[in-house]
Amino acid sequence: MSLLRNTALASPIRTAVRRSFARPVVHIRAQQAYAPVQSRRAVSTTTQKQAIVLTGTKPASTYKAQGASPLAAHQTTDGYRLWLRDACSCPLCVDPSTRQKVFETPKIPANISYKSVTESKDGKSISVTWNNDIPGYGPEHTSTYEKKELERYDNNPVAVESLQANEGDTYKIWNRDQVSEKIQFIDYNKSMEDDKTLFEVLKQLRLYGLVFIKNVPGENGPAAMGKRIGRLRDTFYGETWDVKSVPQAKNVAYTHQFLGFHMDLLYMADPPGFQLLHCIKNSCEGGESMFTDAFYAVNQLQSSHPAETSVLAEFPVNYHYKNAGEHYRHSHPTIEYDTTAHSTSPPRPLKYVNYSPPFQGPFNLANGTADTTSLAQLSKYHGMAGKFQEITEREENIYKYKMKEGEMVIFNNRRVLHARTAFDVSSGERWLKGGYIDTDVVLSRHRVLREEFEG
Ligand SMILES: [Fe+2]
Ligand SMILES: [Zn+2]
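Just so it is clear, the structure is predicted and the values come from calculations on it, not from any experiment. Each chain has its residues counted from 1, following the order in which its sequence is written. In the order they appear in the text, chains get letters beginning with A and ligands get numbers beginning with 1. At least 70 in pLDDT is required for a residue's local features to be given in this predicted model, at least 80 for side-chain atom pairs to be given and counted, and no such filter applies to totals for whole chains, interfaces and linings, which use all residues.

Turning next to the sheet that holds strand β9 (residues 259-262). Read from one edge of the open sheet, four strands run β9-β19-β12-β17, paired in antiparallel fashion. Of all the strands in the sheet, the pair left with one neighbour each is β9 and β17 (398-401). Averaged over all adjacent pairs, the angle separating strand axes in this sheet is 15°, with direction ignored. Here a strand pair is declared whenever DSSP counts at least two bridges between the two strands. Numbering of helices and strands starts at the N terminus; helices are DSSP runs of H or I of at least 4 residues and strands are runs of E of at least 2. Alignment of β9 against strand β19 (residues 416-420), held across two bridges, turns out to be antiparallel. Residue pairing in the sheet places His262 in a bridge with His418 of β19. Throughout, a pair of residues is in contact if the C-beta atoms placed from their backbones lie within 7 Å. A fitted line through C-alpha atoms represents every axis, and for helices the fit uses only the stretch in contact; the resulting angles, taken between N-to-C directions, go from 0 to 180 degrees. On the sheet, helix α8 (residues 294-304) packs against β12 (289-293) and β19 and is oriented at approximately 40° with respect to β12.

Okay, structure coming up:
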């Protein structure tokens with residue numbers, strides 16, 4: 001495979017984002033409910049909304065005394081008070097224009113407490129006023145929270161989801177027959193013009209990590225699709241790059257060899273999440289694309305070798321690229337679990353698989369220790385990596401497809417392994433145009449469209 005480098009594009013001019021530290025002037029007239037700071041007892045107020053007033057450090061019993069508390073027991077802990085104050089998104093706490101938080105978490109006094117907690121009439125939100133608020137915030141500072149939003153954080157405490165897991169539609173692992181049923185070839189123009197179709201593209205990527213776009217015009221599908229989704233990842237290969245073979249009449253016997261299953265750019269700390277390959281010419285014999293779901297292989301291993309599989313999550317594998325004035329290197333374990341997911345029962349949700357034999361460097365002998373215990377680990381790794389590879393390469397697990405001119409594949413580079421069969425360069429021309437997109441960019445677009453179409 002020859003990667004012809006494009007001229008690097010000039011880096012975009014960065015617009016400085018102004019952070020505002022100024023405290024806005026407070027104009028909000030909130031209900032006034034003053035209670036002695038030290039008091040642990042509930043103090044009633046005489047407001048129209050019938051505020052429930054809570055103070056002190058252990059107000060749980062207060063709620064019982066009050067009867068209908070808008071807060072659950074866990075919401076009365078010191079930790080939750082801190083969390084809730086930190087999460088305030090009122091115009092005094094989050095700049096309405098930049099949407100940036102204007103105070104720092106450490107500025108919240110440790111002894112902050114609820115002055116009042118009031119439920120809205122429709123029961124959909126609660127409003128909180130504070131004792132010992134952040135210096136500079138007056139008694140009129142009122143924090144209002146949608147209950148639905150609070151529940152969302154309760155159910156997902158880290159509130160940061162990975163691509164595959166932690167949301168309703170988690171990933172679906174596949175073998176050849178399963179993906180053949182689900183694979184989609186989506187029309188390019190429709191996906192460019194219609195947001196709902198683009199959402200379909202992103203859903204396919206989320207669930208299966210593999211989707212095809214058909215009827216792609218011109219010679220730079222990745223650039224257009226990258227722009228449509230968000231933006232392409234610029235690497236030392238350029239924003240887009242070419243995998244090109246032209247007929248070499250004088251070298252008839254020469255055949256481009258089989259390229260085994262791998263992932264791209266694992267020698268980087270943050271390898272690109274997605275890869276796009278636009279088939280511009282493919283008249284050679286051979287040169288079929290192959291895809292296999294590494295998540296499926298890990299899942300199989302977890303069932304057959306539950307204990308031994310862990311070595312793949314622990315043993316670091318070095319990847320490197322030292323060529324043409326570049327020197328990248330990074331190590332990754334083969335399996336990365338999604339530690340933010342809430343699954344208690346096996347199989348553990350996966351975040352990434354890292355597997356790219358062509359770019360591997362020598363293993364570490366000591367892994368940061370003085371001895372060479374990692375050599376014993378290497379034997380275990382060797383055994384399990386072999387089993388992993390065997391599953392990924394089984395015919396029944398491989399989706400094989402010879403891309404036609406005008407088709408573009410997009411796949412999850414941290415989940416789906418890609419390979420290519422040998423092709424005969426004397427028999428025609430083969431030209432693919434490639435590009436990468438970061439996971440965050442795909443996730444952002446997916447979230448925006450999901451909100452639009454699924455609420
Ligand atoms: Fe590749
Ligand atoms: Zn606020």
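Let us look at the pairing of strand β2 (residues 113-119). Buried residues dominate β2, accounting for six of its seven residues. Where β2 lies against strand β3 (residues 125-131), six bridges are found, and the strand directions are antiparallel. Looking at the pairing, Tyr114 lines up with Trp130 of β3. Here β2 hands over to β3 after five residues, with Gly123 in that stretch at a positive phi of 75°. Labels follow a simple rule on C-beta atoms placed from the backbone: if 20 or more others lie within 10 Å of a residue's own, it is buried; if 12 or fewer, it is exposed; otherwise it is partly exposed.

Per-residue confidence from the predictor is given as pLDDT, running between 0 and 100. In the predicted model, the protein carries a mean pLDDT of 81, and the fraction of residues at 70 or more is 76%. With pLDDT under 50 throughout, residues 1-67 is counted as low confidence; its partners more than four residues away or in other chains account for 104 contacts.

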